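One letter stands for each residue in the lines below.
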Amino acid sequence: MNPTVSAAGIPGPAKSVDPLPGDGLAGQAVRSTEPAGPPTPPGEQDWDAVVRLIADASRIDLFAHVNPDGDALGSALAVGLALRAAGRDVHVSYGDDPLVVPASLTFLPGQDLLVPPAEVPDRPDLVLVFDAASSERLGLLRAKAAAADALVVVDHHASNTRFGTHHLIDTTAPATAVLAEELVARIGGELTADIATALYTGLVTDTGSFKYAATTPETHAMAARLLATGIPHDVISRAIWDTCRFGYLKVLSGALAAARLDDTAAGGLGLVWTVVTRADRQEHGIRLDEIEGVIDVLRKSAEAEVALVLKEDDAGRLQASARSKGRVDLGRVCTALGGGGHAFAAGYTADGDTPEAVVDRFRAELGAQAGTGPA
Ligand code: MN
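Here's a quick rundown of the structure. (Residues numbered from 1 in each chain as written. Predicted model: local features only at pLDDT ≥ 70, side-chain atom pairs only at ≥ 80, totals over all residues. Heavy atoms only, no water.)

1. With respect to the pattern of salt bridges
As a reminder, the rule being used: The salt bridge definition used is simple: a Lys or Arg side-chain nitrogen within 4 Å of an Asp or Glu carboxyl oxygen. Put simply, DSSP H or I for four residues or longer makes a helix, DSSP E for two residues or longer makes a strand, and each gets a number counted from the N terminus. Any residue under 20% of the maximum accessible area for its type is buried, any over 50% is exposed, and the rest in between are partly exposed; the area is computed with a 1.4 Å probe on protein chains only.
Following the criterion strictly, the structure yields 22 salt bridges and no others. D112 is the salt-bridge partner of R84, the closest N and O atoms lying 2.7 Å from each other. You can see R84 sitting in helix α3 (residues 70-85) and its partner D112 sitting in the loop between β2 (90-93) and β3 (126-130), a full 28 residues away along the chain. Its relative accessible area of 36% is what places R84 among the partly exposed residues. Among the residues examined, D112 registers a relative accessible area of 58% and is labelled exposed. Between D289 and R287 there is a salt bridge whose closest N-O contact spans 2.8 Å. Taking the relative accessible area as the measure of exposure, R287 reaches 35% and is therefore partly exposed. Look at the salt bridges and you will find they share partners, linking R245, R287, D289 and E290 into a network.

In structure tokens form, the structure reads like this:
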């Protein structure tokens, strides 16, 4: 079980897909001038345009999504380290206040590049956003990203809304870190052990240590390139997957004791769900970012195609994380409920409802989407 990171878990970080509470900017126009349509892998002209933007910028701001997972923060820090090595004025941030690095990611190099959202200019020269499927995922930095002279969206989510002026999006990539590695190479960056550590963190986070379906031979080839720099992959993996505080085990045991199985849900495919309340966490001194791994235990249930964990945040909202084994497209389910994500892993925020009411609505949407999955 991976107490802290799981989020990402499956084909994409669950964390990365759990939308944050509204910041008052809902409905803000997408800035893209590109035609609507499914994101496509970036072409040479896309890469060239971004490399030129970087070359011409006086200052470069790199954003991860709120409550960043290993893929978002690892990708941003990897590119940040490469840009700093090239002598550029570069800063990394994400829209949380205070800016807290999740416990499982405190080993990441380059954290001295981090600045709080308030220190990002109101109208940045150039912003690159990593692993955010929509501008809502930028939290406190959403308005500053929208005001940037150029906004480059680097991502792999199929649900990406293409909210930038430029896009480096590959929905076949198992992690944003794959695109970050390419960007580092294209700006002439050397693959140092520090950069490799950050990229490897993104890669293992979003592939669940190479277990998820999006993992390809090229994924392993990338891992080989990163390991060849001499990074301590065992230490990295232990920090990400196999370390938690004792209090988390107590919260986990409560969550499992409260779990319920509904084998009629999803057209008979089955749903297992539980809730972790703010009080449950506070009793053991556990933060929201520490319970991402609960769903990775819950989703083992053989009787359930879909797993759902409702996590009450410190403001009392229910953050829903969902996982599918492939026969239900949860990206569609969670998008319909106001969130987003991947087919296998998605999430949304349910405000102002009881857990039972949230599960009822989720179950209804699940029934509507049963059989839509890729598997
Ligand atoms: Mn990702």
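What follows continues from the structure just given.
2. A closer look at the nonpolar core
Counted only if it meets this: Grouping buried Ala, Val, Leu, Ile, Met, Phe, Trp, Tyr and Cys residues that are joined through side-chain atoms within 4.5 Å yields what is termed a nonpolar core. We call two residues in contact whenever any of their non-hydrogen atoms come within 4.5 Å of each other.
Counting residues in each nonpolar core, the largest one holds 51 residues, and the members touching the most others are I60, L62 and L128. Considering each element in turn, this core owes the most residues, nine residues, to α3. Once residues within four sequence positions are removed from consideration, L62 is found in contact with A76, V79, G80, L83, V90, H91, V92, S93, L128 and F130. Within the second largest apolar cluster, 23 residues are counted, among which are W273, V306, V328 and V358.

3. Side note on the sheet that holds strand β1 (residues 60-64)
To keep it simple, the criterion reads: A pair of strands is considered paired only if DSSP assigns at least 2 bridges between the two. An axis is simply a line fitted to the C-alpha atoms; with a helix, the fit covers only the stretch in contact. Between two such axes, the angle follows the N-to-C directions and lies from 0 to 180 degrees.
Strands sit in the order β2-β1-β3-β4-β5 across an open sheet of five strands; the sheet is parallel. Looking at strand neighbours, the two that pair on one side only are β2 and β5 (166-169), the edges of this open sheet. Taking each pair of neighbouring strands and ignoring which way they run, the sheet shows an average axis angle of 15°. Judged from the four bridges that link them, β1 and β2 form a sheet pairing that is parallel.

4. So, helix α7 (residues 217-227)
Put simply, the rule is: The reported arc concerns the directions from the helix axis to the C-beta atoms and nothing else.
Along α7, the positions that sit buried rather than exposed are T219, M222, A223 and L226. Taken end-on, α7 shows its buried residues confined to a sector of 100°, consistent with a single buried face. Contact partners of the buried residues in α7: α5 (176-186) and α6 (193-207).

5. Here's the deal with the pairing of strand β4 (residues 150-155)
With six of six residues buried, β4 lies mostly within the body of the structure. Because side chains alternate across β4, one face comprises the buried residues A150, V152 and V154, and the other comprises L151, V153 and D155, equally buried.

6. A short note on the sheet that holds strand β9 (residues 318-324)
Here we have six strands laid out as an open sheet, ordered β6-β7-β8-β9-β11-β10, and mixed in their pairing. Each edge of the open sheet carries a strand with a single partner, namely β6 (260-262) and β10 (340-341). Bridge count for β10 against strand β11 (residues 345-350) is two bridges, and the pairing is antiparallel. Among the inter-strand pairings, G341 is bridged to a residue of β11, identified as A346. Relative to the sheet, helix α9 (residues 246-258) contacts β6 and β7 (271-276), its axis offset from that of β7 by approximately 135°. Relative to strand β8 (residues 306-312), helix α14 (residues 355-369) is tilted by about 150°, and along the sheet it contacts β6, β7, β8, β9 and β11.

Remember, this is a structural readout, not a statement about activity or role.
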